[in-house]
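# What the coordinates show
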Amino acid sequence: MTRIVTVGAAQLGPIALSDTRAQVVDRMIDLMQQAKGCGCDVVVFPELALTTFFPRWYFDKQDELDAFFERAMPGPDTQRLFDTAKALQIGFYLGYAELVHEGGQLRRFNTAITVDKAGTIISKYRKIHLPGHKEHEPWRRFQHLEKRYFETGNLGFTAFQADWGKDKQGVFGMAVCNDRRWPETYRILGLQAVEMIFIGYNTPVHNPPAPEHDALSNFHNELVMQAGAYQNGTWVVGVAKAGTEEGVEQIGNSIIVAPSGEIVGACTTLGDELAIARCDLDLCNSYKNTTFNFARHREPEQYRMIVERKGAVPPEASPSGSKQT
Ligand code: CDV
């Protein structure tokens, strides 16, 4: 059997601070139309896709910061994305800044949703691995204030069923940017039998605390998504907001990765671009039923004992007698 889902990695080039949401949504609809022309069932947009990547600045006025957040989804500026999905019969993943009244208070999350071909939200995820720092750090060329502006996501990594048409049903998952560097992201979804993970990102080439990593930014991007795909027998679609945005160079390198770990589709520019792949969800079984047959080969009890140090050889009893200094 085959279950082919045709997916589009809908990379966006830079978004200026002065760009309106309407201008960005125009660009996204253009990509959705191109994707439809190529037979796509679903397109994946980047993290915080509707505005410039605002955590690069320190804002002390709450209203200036909140201008980057969506109070409703769909909202006045984003309704057209949902209407286009329905009119073209194409789904989408969208990353955005969410402002919500929840638990009796205003809360802010770095959120992603998946929308089906009827224009209905079928799943929501709130970013768990928030990178960066909380306080203004003037020594940096640019800030990365996600830890200040967002709360840690409270929805977990929750896989969900999506139905993109006949013989196109499967188990999907979402993550956002920095989540892709953490094996737990993929494994928690993998344990729920995920078959395709959507991930949007904004990744500066320059890493202020570790500039020695700069030259490796594309390599690390590919490394984590290829490993996550292979080790969990799942497709992974990673999509960038790319190019030089407000003076900060961001990687592109949007890729579609097969359960084999191979890259089967890739963007090659740093602008608005679509990369497409026909993804057979049944290909996941070749890995899920063999090398990564979790029920057969994982050793969760052993992992638990090692973590709790029960049954593990204590360092003083090991031949080297190595102790941490
Ligand atoms: N938006 C992000 O989460 N960016 C991080 C950077 C700061 C390392 C990333 O993992 O790409």
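What comes next is a walk through the structure.

The rules behind these values
- Residues numbered from 1 in each chain as written.
- Predicted model: local features only at pLDDT ≥ 70, side-chain atom pairs only at ≥ 80, totals over all residues.
- Heavy atoms only, no water.
- Near = heavy atom within 4 Å.
- Polar contact = N/O pair within 3.5 Å; in protein donor to acceptor, adjacent residues only side chain to side chain.
- Areas by Shrake-Rupley, 256 points an atom, 1.4 Å probe, with all protein chains shown as cover.
- Nonpolar A, V, L, I, M, F, W, Y, C, P; charged D, E, K, R; others polar.
- Disulfide = S-S within 2.5 Å.
- Phe/Tyr/Trp six-rings, centres within 6.5 Å; stacked < 30°, edge-to-face > 60°.
- Helix = DSSP H or I, 4+ residues; strand = E, 2+ residues; numbered from the N terminus.
- Buried < 20%, exposed > 50% of the residue type's maximum accessible area, 1.4 Å probe, protein only.
- Lys NZ or Arg CZ within 6 Å of the ring centre and 35° of its normal.
- Expected span 1.5 Å × (residues − 1).
- Arc of directions from axis to C-beta.
- Contact = heavy atoms within 4.5 Å.

### Focus: the site of the ligand
- The environment of the ligand is formed by E47, F53, K127, P131, H144, E146, C177, N178, R180, R181, N202 and T203.
- A distance of 2.6 Å separates an oxygen atom of the ligand from a polar side-chain atom of R181.
- Considering the ligand on its own, with 320 Å² of exposed area, one finds that the protein chains cover 87% of that surface.
- Residues belonging to the shell around the ligand are distributed by class as follows: three nonpolar, four polar and five charged.

### Comments concerning the state of the cysteines
- Taken as a whole and judged by the stated rule, the model has zero disulfides.
- In this model C284 remains outside any disulfide bridge; the closest cysteine sulfur is found in C279, 9.1 Å from its own.

### Focus: the packing of aromatic side chains
- Summed over the entire model, instances satisfying the criterion amount to 17 aromatic pairs.
- Here the aromatic rings of Y93 and F198 are separated by 6.1 Å at their centres, their planes lie at 70°, and the arrangement is edge-to-face. Of this pair, Y93 sits in strand β3 (residues 91-102) while F198 sits in strand β8 (residues 196-201), placing them 105 residues apart in sequence.
- Taking relative accessible area as the criterion, Y93 reaches 0% and is therefore assigned buried.
- With a centroid separation of 4.9 Å and an interplanar angle of 90°, the aromatic rings of Y230 and F292 are classed as edge-to-face. Taken together, the positions of Y230 in helix α6 (residues 217-232) and F292 in the loop between α7 (283-288) and α8 (294-297) put the pair 62 residues apart, joining distant regions of the chain.
- Given the relative accessible area of 32%, Y230 is considered partly exposed.
- On the accessibility criterion, F292 (18% relative accessible area) is buried.
- Among the aromatic side chains, those forming a connected cluster through ring pairs are F54, W57, F59, F68, F69, Y149 and F150.
- The aromatic ring of Y201 is capped on one face by R180, whose charged end is 4.1 Å from the ring centroid.

### A short note on α6
- Under the 1.5 Å per step criterion, the end-to-end length of α6 is 23 Å for 16 residues, consistent within 8% with the ideal 22 Å.
- All of the buried residues in α6 are S217, N221, V224, M225, G228, A229 and N232. Axial view of α6: buried residues confined to an arc of 125°, hence all on one face.
- Tucked inside the fold, the buried residues of α6 contact α5 (183-190), β8, β9 (235-240), β12 (255-257), α7 and α8.
- G233 occupies a position one or two residues after α6 and carries a positive phi of about 55°.

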